[in-house]
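Report on the structure
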There are 2 protein chains.
Amino acid sequence: MSHLLIIGGSDAGLSAALRAREVNPACDVTVVVADRYPNYSICGLPFWLSGEIADWRDLAHRKAEDIESQGVHLLLEHTAQAIVPTAKTATVVDGGGRSRRIPYDTLVIGTGAVPARPPIRGLEQPGVFFLRTMADGFALHDRLAVQSPTSAVVVGGGYIGLEMADALTRRGIKVTMVEYFPSVLTTLDPPLGLLVGEELSRHGVTVATGVAVEGVERRGGRLVVTGSNGFCVETDLMLVATGVRPEVRLVATAGVETGKWGAIRVNRAMETNVPDVYAAGDCVETYHRLLDQHVYLPLGSTAHKQGRVAGENGVGGRATFGGTLGTQVVKVFNLVAACTGLRDAEARQAGFDPLTVQIEAWDHKVYYPGAHKLHIRVTGDRSTGRLLGAQIVGHRAAEVSKRVDVFAVALFKRMKVEALNDVDLSYTPPLSSPWDAVQMAAQAWVEARRS
Amino acid sequence: MSHLLIIGGSDAGLSAALRAREVNPACDVTVVVADRYPNYSICGLPFWLSGEIADWRDLAHRKAEDIESQGVHLLLEHTAQAIVPTAKTATVVDGGGRSRRIPYDTLVIGTGAVPARPPIRGLEQPGVFFLRTMADGFALHDRLAVQSPTSAVVVGGGYIGLEMADALTRRGIKVTMVEYFPSVLTTLDPPLGLLVGEELSRHGVTVATGVAVEGVERRGGRLVVTGSNGFCVETDLMLVATGVRPEVRLVATAGVETGKWGAIRVNRAMETNVPDVYAAGDCVETYHRLLDQHVYLPLGSTAHKQGRVAGENGVGGRATFGGTLGTQVVKVFNLVAACTGLRDAEARQAGFDPLTVQIEAWDHKVYYPGAHKLHIRVTGDRSTGRLLGAQIVGHRAAEVSKRVDVFAVALFKRMKVEALNDVDLSYTPPLSSPWDAVQMAAQAWVEARRS
């Protein structure tokens, strides 16, 4: 009976564990979990902090009992200290500091990521928060409950920053969002990012773009945040959400290679360079299906897919990771912003000849009540007609997310933009149009290419 | 300058006209429209009759002026009487009975369909309605406005019947729905059709399934509807919604071939057997992409696609109709029911070795407020693993329609069920799960096939 050891108890690790048990019920699976919260949805923390979710325990994708009932052995509050591939062992330390060595036949590393610490003076101040782990969530939750802050500065207009601007506003806190670039949500093109910024403003968030935060210091009982262009705001708390970097401290001494983003190098079977050592999730480089090369793009949905592949292969399977398309979605107040594939500049850099077209289209027949305008950008290759990417911003009731998924399947299958018009999509007046908005965008792109 | 003549002013005809002008701005395009309502969304009639849409004029996809501004010449209230392919002319009669001959270089027939008249005694009674044309809609609307009926019998539990049961209930009318089969919405499998039936009951509709309506007669000021199994209901009005048949009276004398459903035979370029005569929409047989043969499946979304192809080819283009996948969706009260592809029995009949699996899955992470259960059925080919079809029923806020479209794109590209798990679909807790419900269904299918 082979032993699969998994280091990391979040999305990648638990997906690997459950998949391994599913495809090979005879295998022995152990997961080393740094905290007491295996398989928690850290993506859900903003919605607990907002008050939309009453109990943090509900954030568990699965309960520990349910995981163990699948035959997965959990080592909670254990930290891996070292991997010795030559001996096929890992050293772990429990909460009491007791160390022991665990032998493995195959190993999956799913150590995730840690918040990036931008070059801002004073980040060690009390009142400055990051949001990554359940412990980070508890710390921020306590501060909100105990000190009832009335103002907050959120640094970084990415997914977490946007969700937290929404969450803190829901709690009655006056939020200032600071973004280095000219528009928030820089995974979308500026015209769409601006719409997201407007949604923030509409809900009372002060949006400061083009500002580099330089320092934070305590003055009286409060924080003073300063930045470029004379930015200076006094606030009760500050949240730094400027991205993450892979957590790879464990691998350096084990001979596991990392790449230019510091993430673990893996192939599409999720194998590292070290025999019988797999890695998955936010600690690895991710194969990009459209670029046909690896990138660093840490996302929960990707971690699940990679974990599933690593778990299957770790017990003798032959699964292959299909690759990321860069699909992402975020809900900000009543707006949903989503994208998949390459943007114009990315496509150009990858050697394509991109053309990008933006349209507005109703999500359903405008005669039926509740129609919302969708803002859709489509990028395709001018010379071949191939679809390269799409971005949509629209009301949360306008099925933005699944419309981006329609594009995602088309990208996955290397479809041409024009071919989208041939697909028999569903139509009823309360939900769409005879040509769905996705197809109206495709038609606009085809016409723009012709002219 | 070539002249494209189009007979029929609904979805297929107008799509053909606009596309012809788009690809060849030098062409001369005339559309013969039987009534005064070119390009009206007859799919929208139930929502006007329900009171959700205030003004019937809003049902126009485009205004007549907008169509003419695109260089399309409209002959309103003109009826085509004959086509003479040898002379390349069509005879049309205007509202005053004046006849004239119009020459064409190419012709597109888009005469649509008419309601099927089931074998029920007494259908000619006043108070018995069909719903197909704007005139049908006006007649029913007048009756609702003038006589304020308090009860109605709807015969037929398909799309129109369901939408009208919803519409009449919204007006405070007590509705009895009668369906011949054991469950309504027979385009879905019975377990899902039953859910739709329950939604009707929840909103006060009496659902009588397994009943063949046999007759309707006037007694006092009311109608008495009788049927099999002792069915007998007294009511103020009756709506017959038991499907349609192609309107092909015009083509018999012109040598245009029709097939076993009485619909015009066309190839994928939308050409009939007669040179320079194209046909599109509800009057033609439709190429089914999965069956690789023609079927009769009249739908607005299909009519638009076929019209676009006919219009492009009618002015010298070389477009090909991609084929239907059988994708359909209907909203009934707060439920949406949708399907795409083949069902188990259809697949078996077509020579596949189908396996169908049904699951329940939340539309988004259940910890986030407002999660709804989706009921998903996936059909795939057991021997090859190929996806063959999918059906989903769920709350109207649960993105049912676009989730079926994700399956539709996968069907279009002949994907395997397992491959759906490799697609990078969008994830955020308020809108989906790390594995979207579509993928959970795919995984359940893959496991069922393995065991």
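Parameters at a glance
- Residue numbers restart at each chain and count upward from 1, following the sequence in its written direction.
- Lettering of chains starts at A and numbering of ligands starts at 1, both following the order in which they are written.
- Local features in a predicted model are, by the rule used here, given only for residues with pLDDT of at least 70; side-chain atom pairs are given and counted only at 80 or more, and totals for whole chains, interfaces and linings are based on all residues.
- Think of the side-chain values as coming from all heavy atoms in the structure, minus any hydrogens and water.
- Between any two strands, at least two bridges found by DSSP are needed for them to pair.
- Each helix corresponds to a stretch of at least 4 residues labelled H or I by DSSP, and each strand to a stretch of at least 2 residues labelled E; elements are numbered beginning at the N terminus.
- The convention used is that axes are lines fitted to C-alpha atoms, helices contributing only their stretch in contact, and that angles between N-to-C directions extend from 0 to 180 degrees.
- Superposition of the copies used a least-squares fit over C-alpha atoms from residues whose pLDDT is at least 70 in both.
- Contacts were defined at the residue level, with two residues in contact if any of their heavy atoms lie within 4.5 Å.
- Two aromatic rings from Phe, Tyr or Trp, using only the six-membered ring of Trp, form a pair when their centres are within 6.5 Å; if the ring planes differ by under 30 degrees the pair is stacked, by over 60 it is edge-to-face, and anything between is tilted.
- A 1.4 Å probe rolled over the protein chains alone gives each residue an accessible area, and that area as a share of the maximum for its type sets the label: buried under 20%, exposed over 50%, partly exposed in between.
- By the criterion adopted, a ring carries a charge over it if an Arg CZ or a Lys NZ lies within 6 Å of its centre and within 35 degrees of its normal.
- For any pair of crossing helices, the crossing counts as left-handed if the nearer helix is rotated counterclockwise from the farther one by less than a right angle, and right-handed if it is rotated clockwise.
- Side-chain classes follow a simple rule in which Ala, Val, Leu, Ile, Met, Phe, Trp, Tyr, Cys and Pro form the nonpolar group, Asp, Glu, Lys and Arg form the charged group, and the remainder, Gly included, forms the polar group.
- Buried area, as used here, totals the accessible surface that two parts lose on assembly, with accessibility defined by a 1.4 Å probe and the loss added over both.
- Here, a salt bridge means any Lys or Arg side-chain nitrogen found within 4 Å of an Asp or Glu carboxyl oxygen.
- The term polar contact refers here to a pair of N or O atoms within 3.5 Å; inside protein, the definition further demands a hydrogen-donor-capable atom paired with an acceptor-capable atom, and it admits residues adjacent in sequence only when both atoms are side-chain atoms.

So, about the sheet that holds strand E1 (residues 3–7) of chain A. Residue and element names in this part refer to chain A. If you trace the five strands from one edge of the open sheet to the other, you get E3-E2-E1-E7-E18, paired in parallel fashion. Of all the strands in the sheet, just strand E3 (72–75) and strand E18 (277–279) have a single pairing partner and so form its edges. The average angle at which neighbouring strand axes cross in this sheet is 20 degrees, direction not considered. Bridge count for E1 against strand E7 (residues 106–109) is four bridges, and the pairing is parallel.

Glancing now at the relation of the copies chain B and chain A. If you rotate chain B by 180 degrees and push it 0.0 Å along the axis, it lands on chain A with an RMSD of 0.0 Å. These values place the two chain copies in the arrangement generated by a two-fold rotation axis. Mapped onto chain A, 99% of the interface residues of chain B are again interface residues, and the two copies thus contact each other with one and the same surface.

On to the packing of aromatic side chains. All chains considered together, the criterion is met by 16 aromatic pairs over all chains. Taken together, a centroid distance of 4.9 Å and an interplanar angle of 75 degrees make the contact between Trp56(A) and Phe138(A) edge-to-face. Taken as a pair, Trp56(A) in the loop between helix H2 (45–49) and helix H3 (64–69) and Phe138(A) in helix H4 (residues 134–147) lie far apart in primary sequence, 82 residues in all. By the burial criterion, Trp56(A) is buried, and Phe138(A) matches it. Ring centres of Tyr368(A) and Phe47(B) lie 5.1 Å apart, and the angle between their planes is 80 degrees; on these two criteria the pair is classed as edge-to-face. With Tyr368(A) in the loop between strand E23 (354–362) and strand E24 (373–381) and Phe47(B) in helix H2 (residues 45–49), this pair bridges two chains. The pair formed by Tyr368(A) and Phe47(B) is uniform in burial state, with each residue classed as buried. By the ring-pair criterion, three or more aromatic residues cluster together here, those being Tyr37(A), Tyr40(A), Trp48(A), Trp56(A) and Phe138(A). The residue whose ring lies beneath Arg289(B) is Phe412(B), and the NZ or CZ to ring-centre distance is 3.6 Å.

Within the fold, Arg308(A) resides in helix H7 (residues 300–314). Arg308(A) gets classed as buried once you look at its relative accessible area, which sits at 9%. Once you skip the residues sitting within four places of it in the chain, Arg308(A) turns out to touch Ser15(A), Ala16(A), Arg19(A), Glu418(B), Asn421(B), Trp435(B) and Gln443(B).

The subject of this paragraph is the packing of helix H1 (residues 11–23) of chain A against H7(A). All names here are of chain A. Direction vectors running N to C along H1 and H7 enclose 35 degrees, while the axes themselves pass 7 Å from each other. Viewed along their axes, H1 and H7 form a crossing whose handedness is right-handed. Note on element contacts: H7 touches H1 through Gly-300, Ala-303, His-304, Gly-307, Arg-308, Gly-311 and Glu-312, opposite Asp-11, Ala-12, Ser-15, Ala-16, Arg-19, Ala-20 and Val-23. Class assignment for the residues of the contact of H1 with H7 results in five nonpolar, five polar and four charged.

Each side of the interface is counted separately: chain B has 68 residues, and chain A has 67 residues. Together, the buried faces of chain B and chain A total about 6,100 Å²; carbon and sulfur atoms form 61% of this surface. The largest contributions to the chain B side of the interface with chain A come from Tyr367(B), Lys402(B) and Asp424(B), which together make up 13% of the buried area. A salt bridge links Arg19(A) to Glu447(B), with the nearest nitrogen and oxygen atoms 3.5 Å apart. Linking chain B with chain A are 26 residue pairs in polar contact (both at pLDDT 80 or more), by the criterion used here. Of all elements in the fold, only helix H1 (11–23), helix H7 (300–314), strand E21 (328–332), helix H9 (400–412) and helix H10 (437–450) of chain B reach the threshold of two or more residues within the side of chain B that touches chain A. The biggest single contributor to the side of chain B that touches chain A is H9(B), with ten residues.

Here we come to the sheet that holds strand E10 (residues 151–155) of chain A. All names here are of chain A. Taken in spatial order, the five strands of this open sheet run E9-E16-E10-E11-E12, and their pairing is parallel. At either end of the open sheet lies a strand with only one pairing partner, and these are strand E9 (128–129) and strand E12 (206–209). In the sheet, E9 pairs with strand E16 (residues 237–240) via two bridges, with the strands oriented parallel. Residue pairing for E16: Phe-129 is matched across the bridge by Leu-239.

Below, the discussion takes up the pattern of salt bridges. All names here are of chain A. Taken as a whole and judged by the stated rule, the model has 51 salt bridges over all chains. The salt bridge involving Arg-348 is made with Asp-344; its shortest N-O contact spans 3.1 Å. One end of the pair is Arg-348 and the other is Asp-344, both in helix H8 (residues 344–349) and four residues apart, which spans about a single turn. Classification of Arg-348 as partly exposed rests on a relative accessible area of 47%. Under the relative-accessibility criterion, Asp-344 is labelled buried at 18%.

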